[in-house]
Amino acid sequence: MTTNKTQIFNVIDQYASRFKDISSYIGAHPELGNEEYLASARLKEELSYHGFEVQAPILGLETAFIGTYASSKPGPTIALLCEYDALPEIGHACGHHLICMMSLGAAVGLKAKVDEVGGTIKVFGTPAEETRGAKVPMAEAGLFDDCDVALMAHPFYAYEKSGSSLAIDAVQFEFHGKSSHAAASPHEGINALDAVIQTFTGINAFRQQVKSTVRIHGIINSGGQAANIIPDYASAQFYVRAATRKELNVLTERVVQIAQGAALQTGCKLVTSNYETSYDEMVTNETFSDAFSQNLMELGIPQEEIVSGDDHGSMDIGNVSLRCPAIHPYIRVVDEVHTLHSIEFRDLALQERALDGMILGAKALAATAYDVLSKPELLQAIRKEFDQITR
């Protein structure tokens, strides 16, 4: 471990109790996406305390922010990404109260050396990752185009390398029919629920002709009011996922056609919409990822405990990864195997063990970002890989 990195770690340790307090506060006050007013306020306040210039709101998103610290010396721009939205009913069962403080803690530690080596640190506050991820409009607006790299770490029950994620579309089908008495005059009705059921039947058959990486799953979110009334309105919501955006666009079109066929069969009118933001696939920069794994090992994590990256569903960092080199590794914060989005993981992620894992994650992020700032050959290799993948 170099002296420079030790100095970064010392700063993170110096403020560790503050970082833990903020994480615990956010964990105890869960807020849904784009409603994270308490979390956003605490994070912006902490960034200001450490000398970052805070800009908010961003793109009209009230709980989004960007905290910037620019050295007087030129150098790379590092983007550290914060998430802080919770899940309905079960709170911070995805550990976003840990994610935001890993990134913020890393930024504070890195700031101790950036004036010496040169460069800029940007901390992006990105609301609503679970639903309408702010990274998507941020990427579309070009906010990451001047960033040399982007990174964050996710809490988990294992140390896992940055992997892939699936591109996703969230599609809603609303069928409009005609109500009637289901026993006295069924012939006068047009059954919207039948159209929903036909849509599910068609999609279930379609699954036989898709790749193993494809996921199509849905719910009936409105199916009628009473058994003796033919439903004049019914709707279903689907997540449609594929390995790439190009593949997904074709897949989603097929799913929409199935719903159109169900409407034609039943005589219903169909309204199609996206009920959440579409995400692109995550493309991990392997050179960058290897640097992060090396720093984990330098922090005492045995190589054999760092497992290969896997697919963890869909994430809005995918859109970032197509704009600049990005990684999304996983940090062990619990010692029992519990899946994300579970009550068991939520409860353990609020314990001191998880907060200690958060501090380790902040150090690994900061050390990796420092490597990018201080090793031009590493950044060159990261950029070369990114250009080869995206051109």
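Residues numbered from 1 in each chain as written. Predicted model: local features only at pLDDT ≥ 70, side-chain atom pairs only at ≥ 80, totals over all residues. Heavy atoms only, no water.

Going by an unreviewed UniProt entry, the protein carries the name Peptidase M20 domain-containing protein 2 and comes from Paenibacillus polysaccharolyticus.

Draft legend 1. Representation of the sheet that holds strand 2 (residues 65-70). Strands sit in the order 1-2-4-3-5-13 across an open sheet of six strands; the sheet is mixed. Looking along the sheet, the strands with just one partner apiece sit at the ends: strand 1 (53-55) and strand 13 (326-327). Pairing between strand 5 (residues 149-151) and strand 13: two bridges, direction parallel. Looking across to strand 13, one finds that Leu-151 is bridged to Ile-327. (Pairing = 2+ DSSP bridges. Helix = DSSP H or I, 4+ residues; strand = E, 2+ residues; numbered from the N terminus.)

Draft legend 2. How the structure looks around the side chain of His-328. Here His-328 is to be found in the loop between strand 13 and strand 14 (330-332). Not counting residues within four places of it along the chain, the set of residues in contact with His-328 comprises Met-152, His-154, Ser-162, Met-282, Met-315 and Ile-317. (Contact = heavy atoms within 4.5 Å.)

Draft legend 3. Quick peek at the nonpolar core. By size, the foremost hydrophobic cluster in this structure holds 87 residues, and its most contacted members are Phe-19, Leu-43, Ile-78 and Phe-144. The element contributing the most residues to this core is helix 11 (residues 352-374), with 14 residues. Here Phe-19 is in contact with Ile-12, Glu-46, His-50, Met-101, Leu-104, Gly-105, Val-108, Met-358 and Ile-359, once residues within four sequence places are set aside. The next biggest cluster of nonpolar side chains, apart from the first, holds 26 residues, and it includes Val-171, Val-196, Val-256 and Ile-258. (Core = buried A, V, L, I, M, F, W, Y, C linked by side-chain atoms within 4.5 Å. Buried < 20%, exposed > 50% of the residue type's maximum accessible area, 1.4 Å probe, protein only.)

Draft legend 4. Summary view of the environment of Ser-321. By the element assignment, Ser-321 lies in helix 9 (residues 317-321). Separated by 36 residues in the primary sequence, Ser-321 and Asn-285 place their C-alpha atoms 8.1 Å from one another. In this structure the side chain of Ser-321 is engaged in a polar contact, spanning 3.0 Å, whose partner is the backbone nitrogen of Val-283. A polar contact of 2.7 Å, which involves the side chain of Ser-321, links it to the backbone oxygen of Gly-318. (Polar contact = N/O pair within 3.5 Å; in protein donor to acceptor, adjacent residues only side chain to side chain.)

Draft legend 5. The packing of aromatic side chains, seen in detail. Summed over the entire model, instances satisfying the criterion amount to nine aromatic pairs. For the ring pair Phe-65 and Tyr-84, a centre distance of 5.9 Å and an interplane angle of 15° mean the geometry is stacked. Of this pair, Phe-65 sits in strand 2 while Tyr-84 sits in the loop between strand 3 (77-82) and helix 4 (96-117); the two residues are 19 residues apart in sequence, bridging distant segments of the chain. Each member of the pair, Phe-65 as well as Tyr-84, is classed as buried. Measuring from centroid to centroid gives 4.8 Å for Phe-200 and Phe-238, while their planes differ by 45°, and the two rings are tilted. Here the residue Phe-200 occupies a position in helix 6 (residues 192-206), and Phe-238 occupies one in strand 10 (residues 233-242), the gap between them amounting to 38 residues. This pair shows no difference in class: Phe-200 is buried, exactly as Phe-238 is. Through pairs of rings, three or more aromatic residues link up here, namely Phe-156, Tyr-157 and Tyr-330. Directly above the aromatic system of Tyr-69 lies the positively charged group of Lys-111, at a separation of 4.7 Å from the ring centroid. Of note, Arg-241 hangs over the ring of Tyr-239, and the distance from its end group to the ring centre comes to 5.1 Å. (Phe/Tyr/Trp six-rings, centres within 6.5 Å; stacked < 30°, edge-to-face > 60°. Lys NZ or Arg CZ within 6 Å of the ring centre and 35° of its normal.)

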